[in-house]
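# Chains, contacts and geometry: an overview
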Amino acid sequence: MTTAIKDRSFKDSVIVLIVLLIGFQSFPIIKVGGVFKIYELLALILLFTEIAFIEKFKFANSVSLAACCFFVLSPIISYICSNLFLGYPSGFYYKYPDAASFKFNYYVFPFLQLIYMFFNFTAFNAISISKYIYDHFEVILKRIVLIGTFIAFCSLFALFVKDIIILLPSFIQNKTYYDFRSSGFSQEPSFYILYQAWICLIGWYTKPLFKTYSWYLIMAINVSSLLLTFSTAMFGFALILGSSVFLFKSPIRIKLGIIFVIAVLLLLGYIALLYFDLYPVFEYIFVSKLSGFFSIPETTTDSGSYRSYTSSIGIRIFKDHWLTGVGVGNSIYYMYIYEFKMGIREFGEMLSPGIFPQNSFSSVLADQGIVGGLSFLAFLGGALRKFWINKNKSRYNQMFLLGTLFNFLAMLSIAPTYSLYLWVFIALGLCFIKYFNVEQSNISGMASKLT
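Worth saying up front: this structure is predicted, and the values here are computed from it rather than measured.

Calculation criteria
- Per-chain numbering applies: the sequence of each chain, read as written, is numbered from 1 onward.
- Given that the model is predicted, a residue must reach a pLDDT of at least 70 before its local features are reported, and side-chain atom pairs must reach 80 or more before they are shown or counted; all residues, however, enter totals for whole chains, interfaces and linings.
- Note: side-chain values were computed over all heavy atoms of the structure, leaving out hydrogens and water.
- Put simply, DSSP marks the helices as runs of H or I at least four residues long and the strands as runs of E at least two long, and each gets a number from the N terminus on.
- What makes two residues a contact is simply this: any of their non-hydrogen atoms within 4.5 Å.
- Basic side-chain nitrogens of Lys or Arg form a salt bridge, by our definition, when they fall within 4 Å of a carboxyl oxygen of Asp or Glu.
- Only protein chains enter the accessibility calculation, which uses a 1.4 Å probe; a residue is then buried when its area is under 20% of its type maximum, exposed when over 50%, and partly exposed in between.
- Only residues whose relative accessible area exceeds 30% and that take part in no salt bridge are eligible for patches, with like-charged residues grouped when within 9 Å of each other and nonpolar side chains (Val, Leu, Ile, Met, Phe, Trp, Tyr) grouped when within 5 Å.
- For the area figures, the Shrake-Rupley method with a 1.4 Å probe applies, and any residue is considered shielded solely by the protein chains shown.
- The pairing test for Phe, Tyr and Trp rings, Trp by its six-membered ring, is centres within 6.5 Å, and the orientation test on the planes gives stacked under 30 degrees, edge-to-face over 60, and tilted for anything in between.
- Over a ring means this: the NZ of a Lys or the CZ of an Arg is within 6 Å of the ring centre and within 35 degrees of the ring normal.

Mapped onto the fold, Ser130 is located in the loop between helix 5 (109-129) and helix 6 (131-135). The residues touching Ser130, leaving out its near neighbours within four places in the chain, are Asp12, Cys431 and Tyr435.

Inspection of every chain in the model, using the stated rule, returns seven salt bridges. For Lys95, the salt bridge is made with Glu339, and the minimal N-O distance between the two is 3.3 Å. Separated by 244 residues along the polypeptide, Lys95 in helix 4 (residues 90-95) and Glu339 in the loop between helix 13 (303-320) and helix 14 (360-389) bring together distant segments of the chain. Residue classification places Lys95 among the partly exposed residues on the basis of a relative accessible area of 37%. A salt bridge links Asp163 to Lys175; the nearest nitrogen and oxygen atoms lie 3.3 Å apart. With Asp163 in the loop between helix 7 (137-160) and helix 8 (189-205) and Lys175 in the loop between helix 7 and helix 8, the pair connects residues that are 12 residues apart, well separated along the chain. Of the residues examined, Lys175 reaches a relative accessible area of 11% and is grouped as buried.

Together, Phe153, Phe157, Phe160, Val161 and Ile164 give the surface a local cluster of nonpolar side chains, amounting to about 540 Å² of exposed area. Within the fold, Ile164 resides in the loop between helix 7 and helix 8.

Turning next to the packing of aromatic side chains. In the structure shown here, the tally under the stated rule is 44 aromatic pairs. Ring centres of Tyr306 and Tyr309 lie 6.1 Å apart, and the angle between their planes is 50°; on these two criteria the pair is classed as tilted. Of this pair, Tyr306 and Tyr309 are both found in helix 13, three residues apart, which corresponds to roughly one turn of the helix. Judged on exposure class, the residue Tyr306 and its partner Tyr309 are both buried. Sitting over the face of the ring of Tyr435, Lys131 holds its NZ or CZ atom 5.8 Å from the ring centroid. Between the NZ or CZ atom of Lys434 and the centre of the ring of Tyr435, over which it lies, the distance is 5.4 Å.

Remember, this is a structural readout, not a statement about activity or role.
This is how it looks when you write it as structure tokens:
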């Protein structure tokens, strides 16, 4: 792998920019009816480039083939079936008369979701197959960390000093103000934590690429911003990091040492909560929200129970349209039907236009039915299998395995799946594995010839 980025084609430049700018989710953006992110514009350019030169197109690997089924074939099938058998959702517009706008136009919105799915696949496949990215892999990783650190610093500045971004005109930013939670350049902390967890992982595994004191400062900024998201997803991230001692090959003394350190940190954290009288806050943000998310909700008074509520509606939609679903993104037109059929005794947050099942798996089943659900599992399972069987070949493979496991957990509370930031780092990992294995095979072949 080289140490500088040079001599890249237009397509290489677009791919690299998508990877580097994936953290800019709510700033800068372009508002044209809805919110259009810079990296989405780049992915759209990439889609048209691939269409123009279709004869040069090729799949990265079997995972990309499964991704094609999920992002391309299944959406087309569900789109056609929803138009043929479900028709115009007049009840939605009767329920929400103000939704009769361009944003929720039934003839525009579903078609846009198809385009989103198509360029998600194009970007995913292009990153997975990019020899250019592999040849400059560590340079790109270092730049990812530096950009992530800049975003984390801006997030901390917004938290403790002033959020300057939110003062900018709304046509270039779509941020929500949080006075006690870090949210980066994302719309909310629950989205930001996925990106920031990847930044912390990549930062940890790229320590040799930085000067010692610079690395400590970078990690301090990024870990602080991660912790201050106060997201319940941190439980999942901590669980995955803790289990890493059993996933990878390491001496028993190191494993015991890591377990001891985790236990001490948990104890110190508990003492700090009691000392600073923060346990009630901790209980609300983590315990109540987490229990609400993983239980059958009877209220929607907190974000955990509300996510569980919308996810349950997604399953109900799937049961009624189990084969091909209602169409990618179209669950928003059917959520209201089940609003008062889910056993909710006390409503806090209510359904509104644009609300979909806030769980990737539930959302996929509702939108694409069993056809999309199976291709989704094949796609995710194939990626996870790749990282698992290659986990001990390189420290970067370990990094991508941990990040992908957290990706899966985060998708329990993140949807929809046409959000490109869900897939970029997984594609980056598949790219590394593809060419690293080829490189190691060539080295082994040369060594065998010499002997």
